[in-house]
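Spelled out, the chains give:
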Amino acid sequence: MTSFTSCPDCMGLGKQKRRIKKSLRLRYLLELEQFEKANGEGTPPIRPEASLYICPTCAGSGLVSSLDFPKPDKENYPHVAIIGGGIGGTALAVACLHRGIPFTLYERDKAFDERSQGYGLTLQQASKAMEGFGIFDLDKGVVSTRHLVHNPDGKVVAEWGMRKWMQGSTKTSPKKTNIHIARQSLRQALIQQLGSDTTIQWGHQLLDFKDNKDGGIDLNFQVNGKVKTDKADLIVGADGIRSAVRSLLISEKRSPLRYLGCIVILGICPLSALENMNSHLLDSATVFQTANGNERIYMMPYDSDSIMWQLSFPMTEEDAKTLSTKGKKALKEEAIQRTQWHSPIPEILSATLETQISGYPVYDRALLRSEWLENSGKATLIGDAAHPMSPFKGQGANQALLDALSLARTIFKACRPPSNWREKGIRESVLTAFESEMIERSSVKVQDSALAAQFLHSEIALYEGNEPRGKVLKRKGKL
Ligand SMILES: Cc1cc2nc3c(=O)[nH]c(=O)nc-3n(C[C@H](O)[C@H](O)[C@H](O)COP(=O)(O)OP(=O)(O)OC[C@H]3O[C@@H](n4cnc5c(N)ncnc54)[C@H](O)[C@@H]3O)c2cc1C
């Protein structure tokens, strides 16, 4: 496998700054001088900003291939303890590896597939960002080219996607590509970049951490029933929606889990179980959803051989918890009973094995605020630990991947020699800027995902308009 290292021409950022034209710079200086002479009266001139362009050396990935496996630069960069080897934590480890930033990745599970994590993800903006992790081809990913919305009788009320845009249009390239991939396949592709999964400290559950007298942090883990202590310069909580790191930094009372009023039931069905069906919806390149104003089912390719469904509907928190603990048989029965709709929905649900079904009440938290972390010293959060969101916009993993890349790029830029990050402190050098970018980018996704949990279970889901439901509403000013 090819190894990668940070692109020397853009310092791993994927973009370079265009020089500001001399004439623009001079004009600004002149206007500034006049403004100052007038004792600040009138409008102050705006400093010209350098525009960015895609780095031609690395084509925007921030990486170039290297003959050698990257080595950590322990002398110059902080040692990063990453808590949680899910999507965000593994991605951060990969991004640190490529930049020579020393790290240790700790995961509570004892092995990669200790628990079933069977659901699929849609990579939207992050499908391009995958190149920033040295993944140029997700061979287990499936690209969808059509998205349909139906009413329960099967009438199409909306359609979008590449196939629609290409019809009668002169456009030759898709607006964007959505890649559907099993969560575990994405995680595996990231782990492959690390060289081997032995890089991960499996079976390490973080208990707590505190500053030590050497200017670093001591971290305590539960490992095989014993407490083990390790050291680091920076701790990153990538430990999911019920993050232990977050609860040590921000009290649960300040931003408790917030129930979003609905439950999701998920299943994965092999296409081989539907061989007798002749439905254009089962072509492994179509995403479709069907709704009745209360229940909504969303179907997407899970991999080239199976389809994943996600049924959701409003329910009280207590009922949702009871149903999810009743087990797979009860979840399947509930799903079938609620979706006696057009073909191939009933057929897919009944052909799904109970072992492939799961169900959860849906939660998020109040939007993260910079000031909640300003006293967190050498600790920060990424992914669901920072900004959990409902799955209805398919953004949680996308944001976790973008967080990972952004944090590694900020560490690489802010801590490279001759920076004095040890004296300045990691918070001032790296974390404040990173958290501000992360919060600004992800907050809108958390809000939109919470709104989607409402409107997708209302008549709005059946709005006639060839665009994603949220977009139609935004355009009409109803969101
Ligand atoms: C049904 C469903 C569908 C979804 N669909 C999409 C989608 O289409 N697109 C999308 O972008 N997102 C989607 N998401 C969201 C996405 O899965 C999450 O946002 C994403 O996995 C978050 O990544 P993470 O690394 O922050 O957390 P996780 O992937 O949850 O990883 C956290 C890791 O931390 C470990 N851990 C926890 N506590 C500790 C501890 N104390 N010590 C050590 N390790 C610990 C856990 O074992 C786990 O491995 C979906 C989610 C669900 C439930």
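This is a predicted model, so every value here is computed, not measured. (Residues numbered from 1 in each chain as written. Predicted model: local features only at pLDDT ≥ 70, side-chain atom pairs only at ≥ 80, totals over all residues. Heavy atoms only, no water.)

1. Quick notes on the sheet that holds strand 12 (residues 200-201)
Applicable threshold: Strands are labelled as partners when DSSP assigns at least two bridges between them. To qualify as a helix, a DSSP run of H or I must reach at least 4 residues; to qualify as a strand, a run of E must reach at least 2; elements of each kind are numbered from the N terminus. Note on contacts: a residue pair is in contact if any heavy atoms of the two residues lie within 4.5 Å. Angular values range over 0 to 180 degrees, each being the angle between N-to-C directions of two axes fitted as lines to C-alpha atoms, with helices fitted over their stretch in contact.
One open sheet accounts for five strands, arranged 12-6-5-16-22; its pairing is parallel. At either margin of the open sheet sits one strand with a lone partner, and together these are strand 12 and strand 22 (379-381). Where strand 6 (residues 103-106) meets strand 12, two bridges bridge the pair, whose relative direction is parallel. Note that in strand 12 the partner of tyrosine 106 across the bridge is glutamine 201. Contacts from helix 2 (residues 87-98) reach strand 5 (80-83), strand 6 and strand 16 (234-237), with the element oriented near 165° to strand 6.

2. So, the sheet that holds strand 20 (residues 306-314)
Strand order in the open sheet formed by seven strands is 10-9-18-19-20-17-21, and the pairing between neighbours is mixed. Each end of this open sheet is capped by a strand with a single partner; those strands are strand 10 (156-160) and strand 21 (357-364). The average undirected angle you get between the axes of adjacent strands in this sheet is 20°. With seven bridges connecting them, strand 19 (residues 296-303) and strand 20 associate as antiparallel partners. Across the sheet, the residue bridging to arginine 296 is serine 312, located in strand 20. Helix 7 (residues 317-326) rests against strand 17 (258-270), strand 20 and strand 21 of the sheet, and its axis sits at about 150° to strand 21. Strands strand 17, strand 20 and strand 21 of the sheet are contacted by helix 8 (residues 328-338), whose axis makes an angle of about 80° with strand 21.

3. Considering the confidence of the model for the chain
Our working rule: The pLDDT value expresses, per residue, how confident the predictor is, ranging between 0 and 100.
Looking at the chain, the pLDDT average stands at 93 and 97% of residues meet or exceed 70. Throughout residues 170-174 the model reports pLDDT below 50, and contacts reaching past four residues in sequence, or to other chains, amount to three contacts.

4. Considering the side chain of glutamate 159
For clarity, the threshold we go by: Think of it in three bands: residues with accessible area under 20% of the maximum for their type are buried, residues over 50% are exposed, and the middle band is partly exposed, with areas taken using a 1.4 Å probe on protein chains only.
With respect to the helices and strands, the residue glutamate 159 is situated in strand 10. Here glutamate 159 falls in the buried class, since its relative accessible area comes to 16%. Among all residues touching glutamate 159, those that are not within four sequence positions of it are Arg146, His147, Leu148, Lys164 and Asn466.

5. Side note on the site of the ligand
The following threshold applies: When we say a residue is near a molecule or strand, we mean one of its heavy atoms is within 4 Å of it. The definition of a polar contact used here is a pair of N or O atoms within 3.5 Å, where within protein one atom must be able to donate a hydrogen and the other to accept one, and adjacent residues in sequence count solely through side-chain atom pairs. Note on areas: Shrake-Rupley, 1.4 Å probe, and residue coverage restricted to the protein chains presented here.
Around the ligand, the surrounding shell holds 32 residues, and the nearest of these are Gly88, Glu107, Tyr119, Arg183 and Ala397. Separating an oxygen atom of the ligand from a side-chain N or O atom of glutamate 107 is a distance of 2.6 Å. The contact in question runs from an oxygen atom of the ligand to an N or O atom on the side chain of aspartate 384, over 2.8 Å. A total of 990 Å² of accessible area belongs to the ligand in isolation, and the protein chains cover 91% of it. Contributions of two or more residues to the shell around the ligand are made by helix 2, strand 7 (120-123), strand 13 (205-211) and helix 11 (396-415). Here the element with the most residues in the shell around the ligand is helix 11; it accounts for four residues.

6. Observations regarding the pairing of strand 10
Taking burial as the measure, the five residues of strand 10 include four buried ones, the bulk of the element. Bridging between strand 9 (residues 146-150) and strand 10 involves four bridges; their strand directions are antiparallel. Opposite histidine 147, over in strand 10, you have tryptophan 160 as the bridge partner. From the end of strand 9 to the start of strand 10, which pair antiparallel, there are five residues, and glycine 154 there has a positive phi angle of about 100°.

7. A word on the nonpolar core
As a reminder, the rule being used: Take the buried Ala, Val, Leu, Ile, Met, Phe, Trp, Tyr and Cys residues and link them wherever side-chain atoms come within 4.5 Å; each set so joined is a nonpolar core.
One finds Phe133, Leu186 and Leu401 to be the most contacted residues of the largest nonpolar core, which totals 72 residues. Among the elements that make up this core, the one with the highest residue count is helix 11 (ten residues). With sequence-adjacent residues up to four places away left out, leucine 186 is seen in contact with Ile87, Leu121, Leu123, Met130, Leu138, Ile181 and Leu401. Counting 28 residues, the second-largest nonpolar core is a separate cluster that includes Leu148, Ile265, Cys269 and Tyr363.

8. Concerning the packing of aromatic side chains
Between two aromatic rings, the relevant description is the distance of the centres plus the angle of the planes. The following threshold applies: Pairing of aromatic rings covers Phe, Tyr and Trp, the last through its six-membered ring, and needs centres within 6.5 Å; plane angles under 30 degrees mean stacked, over 60 mean edge-to-face, and all others mean tilted. Two conditions define a charge sitting above a ring: the NZ of Lys or the CZ of Arg must be within 6 Å of the ring centre, and it must be within 35 degrees of the ring normal.
On inspection of all chains with the given rule, the structure shows four aromatic pairs. Note on tyrosine 77 and phenylalanine 412: the rings are 5.7 Å apart at their centroids and 15° apart in plane angle, and the pair reads as stacked. Note that tyrosine 77 is positioned in the loop between strand 4 (63-66) and strand 5 and phenylalanine 412 in helix 11, a separation of 335 residues in sequence. When its relative accessible area of 10% is taken as the criterion, phenylalanine 412 is described as buried. Sitting over the face of the ring of tyrosine 363, arginine 242 holds its NZ or CZ atom 5.9 Å from the ring centroid. Note that arginine 338 overlies the ring of phenylalanine 313, its terminal NZ or CZ placed 3.7 Å from the centroid.

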